[in-house]
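Summary of structural features
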Amino acid sequence: MLQIIKKDGVDGYESIIRDLGADPDNVSVSEAVDGESVNGYGIYNITPDAMTVYKISYGDDLMLADGILRSVLFLATLKEVEKALLLNGSEALAKKLGMIKEGNILEPISDIFGGCESCKK
């Protein structure tokens, strides 16, 4: 069964994090885990003012990408953070998923959890 789980620490991701220009001491990692297999991940940071999404890795599975991105964004809303800066391709993913139209800022984050516009009609 696929689960998206916040990882304790960043073990195994340090090199990727540095390549993204982030500080391994100030980011978190969530993994998409199916049994013993890691199928994707998200690297992000949450401050009181904003979330920064550094990377979403998902292979070619757009539904997995949607799940990982929504999962990490939801963590920000739990801390009452409503602004996300999307970097390194996560902004293109958010556009593809209809979360943003242009730029790389998603605000307010909670709007993406209200259901799709077509479903509301």
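Up top is the structure these notes are about.
One structure accompanies this document, and this report is about it.

What counts and what doesn't
- Residues numbered from 1 in each chain as written.
- Predicted model: local features only at pLDDT ≥ 70, side-chain atom pairs only at ≥ 80, totals over all residues.
- Heavy atoms only, no water.
- Pairing = 2+ DSSP bridges.
- Helix = DSSP H or I, 4+ residues; strand = E, 2+ residues; numbered from the N terminus.
- Contact = heavy atoms within 4.5 Å.
- Axes fitted to C-alpha atoms, helices over the stretch in contact; angles between N-to-C directions.
- Polar contact = N/O pair within 3.5 Å; in protein donor to acceptor, adjacent residues only side chain to side chain.

**So, the sheet that holds strand E3 (residues 37-46)**
Pairing between the strands of a sheet comes from backbone hydrogen bonds, and it takes one of two forms, parallel or antiparallel. What the 6 strands build is an open sheet, ordered E1-E2-E3-E4-E5-E6; its pairing is mixed. The open sheet terminates on both sides in strands that have one partner only, identified here as strand E1 (2-6) and strand E6 (105-106). As defined by bridge partners, strand E4 (residues 51-57) adjoins strand E5 (residues 84-86) across 3 bridges and the pair is classed as parallel. By the bridge assignment, Val53 is partnered in E5 with Leu86. Lying over the sheet, helix H2 (residues 62-78) contacts E1, strand E2 (28-34), E3, E4, E5 and E6, oriented at roughly 160 degrees with respect to E4.

**Things to note about the environment of Tyr44**
Here Tyr44 lies in strand E3. Sequence separation between Tyr44 and Ile105 is 61 residues, and the spatial gap between their C-alpha atoms is 14 Å. There is a polar contact of 2.8 Å between the side chain of Tyr44 and the side chain of Ser30.

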